[in-house]
Amino acid sequence: MNAMDPLSARLAGLVPRNLPRPEPEALRSAVGRPPAPWIATVAGWYLPLTVVGLAGLVAAALGAWPWLGVLCFAAVLAGDWAAARVVSPLETLLTLSGWTRQVRALVRDLLLVVVTARAEPDTLVPLMLAVALIQLTWLGFGALGVFAGSRQPLAGFVPGAARQPSPTVAFAAIRGYEAGVVLLYFELAAALVTLLSDRVTGLAFGLLAVLLVAVGGVLLLRARRVLASAASAEQQLVDDITREAPTALVYITAGTGQGRHLLSPWLPTLEALPDGCLIVVREASHLATLEATSLRVVYAPTSRNLERAIVPSLRVAFFLGNSAKNIDLQRYPNLRHVFLGHGDSDKSPSANPMARVYDQIWVAGQAAIDRYAAAGVDLPADRFVIVGRPQVEQLRRGPLGQQPPTVLYAPTFEGYLDETNYTSLETMGPEIVRRLLAHRPAVRICFRPHASTGLLRPGMRAARIEVDRLLSESGGDHLGSHTQVGRPLQEAFDAADVLIADVSGVASDFLWTLRPIIAGNPRALTAEEFARRYPSQSANYLLTAPEQIDQIIDLALGDDPGLPGRTAIAGYVLGEHPHGPTATFIAATRRLAAQPR
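In this report, we go over the structure that sits alongside the text. If you're wondering where the values come from, they're calculated on a predicted model, not measured in any experiment. (Residues numbered from 1 in each chain as written. Predicted model: local features only at pLDDT ≥ 70, side-chain atom pairs only at ≥ 80, totals over all residues. Heavy atoms only, no water.)

### Brief notes about the packing of helix α16 (residues 425-439) against helix α21 (residues 549-556)
Running from N to C, α16 and α21 point in directions that differ by 60 degrees, and their axes come no closer than 10 Å. Compared by their axis directions, α16 and α21 come out oblique. The two elements α16 and α21 cross, and the hand of that crossing is right-handed. Where α16 approaches α21, its residues Ile432, Arg435, Leu436 and His439 are matched on the opposing element by Ile549, Asp550, Ile553 and Asp554. By residue class, the composition of the contact of α16 with α21 is four nonpolar, one polar and three charged. (Axes fitted to C-alpha atoms, helices over the stretch in contact; angles between N-to-C directions. Helix = DSSP H or I, 4+ residues; strand = E, 2+ residues; numbered from the N terminus. Parallel < 35°, antiparallel > 145°, perpendicular 65-115°, else oblique. Left-handed = near helix turned anticlockwise from the far one by under 90°. Contact = heavy atoms within 4.5 Å. Nonpolar A, V, L, I, M, F, W, Y, C, P; charged D, E, K, R; others polar.)

### Some points on the packing of aromatic side chains
We describe a pair of aromatic rings using the distance from one ring centre to the other and the angle between the two ring planes. For the structure on display, the rule yields 14 aromatic pairs. When the centroid spacing of 5.3 Å and the interplanar angle of 55 degrees are considered together, the rings of Phe319 and Tyr358 count as tilted. Here Phe319, found in strand β5 (residues 316-319), pairs with Tyr358, found in the loop between β6 (336-339) and β7 (360-363); they are 39 residues apart in sequence, far enough to count as distant. Residue classification places Tyr358 among the buried positions, given a relative accessible area of 1%. When the centroid spacing of 5.8 Å and the interplanar angle of 25 degrees are considered together, the rings of Tyr409 and Phe447 count as stacked. In this pair, Tyr409 is assigned in strand β9 (residues 406-410) and Phe447 in strand β10 (residues 444-447), connecting sequence segments 38 residues apart. Phe447 matches Tyr409 in its accessibility class, with the two residues each being buried. Grouping aromatic residues by their ring pairs yields a cluster made of Tyr251, Phe319, Phe339 and Tyr358. The ring centre of Trp512 lies 4.3 Å from the NZ or CZ of Arg397, which sits over that ring. (Phe/Tyr/Trp six-rings, centres within 6.5 Å; stacked < 30°, edge-to-face > 60°. Buried < 20%, exposed > 50% of the residue type's maximum accessible area, 1.4 Å probe, protein only. Lys NZ or Arg CZ within 6 Å of the ring centre and 35° of its normal.)

### Comments concerning the pattern of salt bridges
Applying the stated criterion across every chain yields a total of 30 salt bridges. In this structure, Asp346 and Arg371 form a salt bridge, with 3.0 Å as the shortest nitrogen-oxygen distance. Residue Asp346 is located in the loop between β6 and β7, and its partner Arg371 is located in helix α15 (residues 366-374); the two are separated by 25 residues in the primary sequence. Across this residue pair, the class does not change: Asp346 and Arg371 are buried. With a closest N to O distance of 2.5 Å, Arg566 and Asp560 form a salt bridge. Of the two residues, Arg566 and Asp560, both sit in the buried class. Overlapping salt bridges bring together Glu431, Arg434, Arg435, Glu466, Arg469, Glu473 and Asp550 as one network. (Salt bridge = Lys/Arg side-chain N within 4 Å of Asp/Glu carboxyl O.)

### Describing the pairing of strand β3 (residues 277-281)
In terms of burial, β3 is largely enclosed, as five of its five residues are buried. With burial as the criterion, each face of β3 is covered, one bearing Cys277, Ile279 and Val281 and the other bearing Leu278 and Val280. The pairing of strand β2 (residues 248-252) with β3 spans five bridges and is parallel. In the strand pairing of β3, Leu249 is matched with Leu278. (Pairing = 2+ DSSP bridges.)

### Topic: the nonpolar core
Side chains of nonpolar character tend, in soluble globular proteins, to be buried together. Of all hydrophobic cores here, the largest spans 38 residues; its most connected members are Leu263, Leu270, Ile279, Leu287, Phe318, Trp362 and Phe585. In terms of residue count, helix α23 (residues 581-594) provides more of this core than any other element does, five residues in total. Among the nonpolar cores identified, the runner-up in size contains 32 residues, and Ala309, Ile310, Phe339 and Val363 belong to it. (Core = buried A, V, L, I, M, F, W, Y, C linked by side-chain atoms within 4.5 Å.)

### Brief notes about the sheet that holds β9
What links the strands of a sheet is backbone hydrogen bonding, and the strands pair in either a parallel or an antiparallel sense. Taken in spatial order, the five strands of this open sheet run β10-β9-β11-β12-β13, and their pairing is parallel. Of all the strands in the sheet, just β10 and β13 (541-543) have a single pairing partner and so form its edges. Neighbouring strand axes in the sheet, compared pairwise and without regard to direction, differ in orientation by 20 degrees on average. Contacting β9, β10, β11 (498-501), β12 (517-520) and β13, α16 crosses the sheet at an angle of about 170 degrees to β9. Against the sheet, α21 makes contact with β9, β11, β12 and β13, and its axis sits at roughly 160 degrees relative to β13, the strand it touches most.

On their own, these measurements won't tell you what the molecule is for.
Shown next as structure tokens:
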């Protein structure tokens, strides 16, 4: 984690983790080299550098103190320079609010003009010309980035690799990042020139202008070369995919940075497909989050890129969610379109009428088929294929008998609508953890909120921070949410004696272990109504109020009277698979790929 000043760290915790980022920025972040630790540290102090630096520029302007102005200017510039190399949530928020890098450059440059003009009036004209040149150059390179983006080729990406394919890196570089860095260097040089005497100021700025034009020309020539070679690089990539002849494709398009959350549960199963699988990613924000894999990954932001990725061998397309961009792939009639989803639960989106647009819906068990019928989504029986949940196949089953026992608290996402908000975190989470720590101090708590927690609701972010604080200050061997970043969910499952979860696919998957599940009931439904609405959860212990956790955790870690009910319902939710769900999935893929279209 980057070192931050206390205020920045607190504000960063309140900023949504998955803020949308411009596509060029997300691509550059995914393919660029990781910044040096000291650069990350400077970026962590972005807020004080910016605030103190701008305040110092104003003071320098009022007092006509050029040296103070240049020092404060350099501080602001250092913050922007470092933030350009790391994913800074505060800097991203400023950009989305309209305080873009170009606007920030204009503000600090004009303040420096005022500082210098107060001390040396003769520098006003050269400095204003320099500011104008910088702004025009920002606009010019911005236009270049847009032009390059319109010609973005299908690009290869290797998750987890230290070096990415050179065509992908080259194209990311010409979409604005390098130009912005050059302009930051030029601004610093212009600031230093202001400290020279007025006799050499004009000459110095003239030389700087010539240098900027020369460097800009080099970048333009490089961009021209990259654009000229894009078609051949793309064709080479398509030829490589064609030779590999994958029969299946998995399609990733979702909100910012959610690719890992969608793909990771299915990745081992997709890698096990004997006839190959291609991963197509539509948004660059997912690339850096993906786990290392043996499967080929391509970045296809445009419909034309997607068309190039559809090689003749492909027969089956897997969809991990319902997204507006799904239609770009669904228009290919030569493919069999299969909805996988990323989890199996009793949430209302798990019985979405949009399922009608797919050739088949692959579900975990009969519970999912009944769920569609109960929601009024009438589909022929042959549209459903039960494949289980291959991702849970390797989990240990039955009691672990660990001492001390581990309780996994995994609250779900807050949902994009109130109707789909099933989480217990905001209303009960901190109090549940507080009571667990008091009643069972020896228990080890692992806190694993949904990856997109706090994306929409400030209360969720505050609750996450509070739970992490409680665990950190308790002094026990607990695991906060930051320890779960990048950790496979199955690993957390395998270490848990008890799960506290909500209506979600997490609870459905944990049924495979037959270990106790405590279901959050933040809507305070009666036990009968809860079981009717959420039949997959009907055998779990029901937690309606935090004060119930003392009694329920004693039952779960004691005689566990709920075991017979969970055993009975596990097959209904997850299906029966004599050779395991992975074998079922592979066989279903081969059958579908063999069908004539």
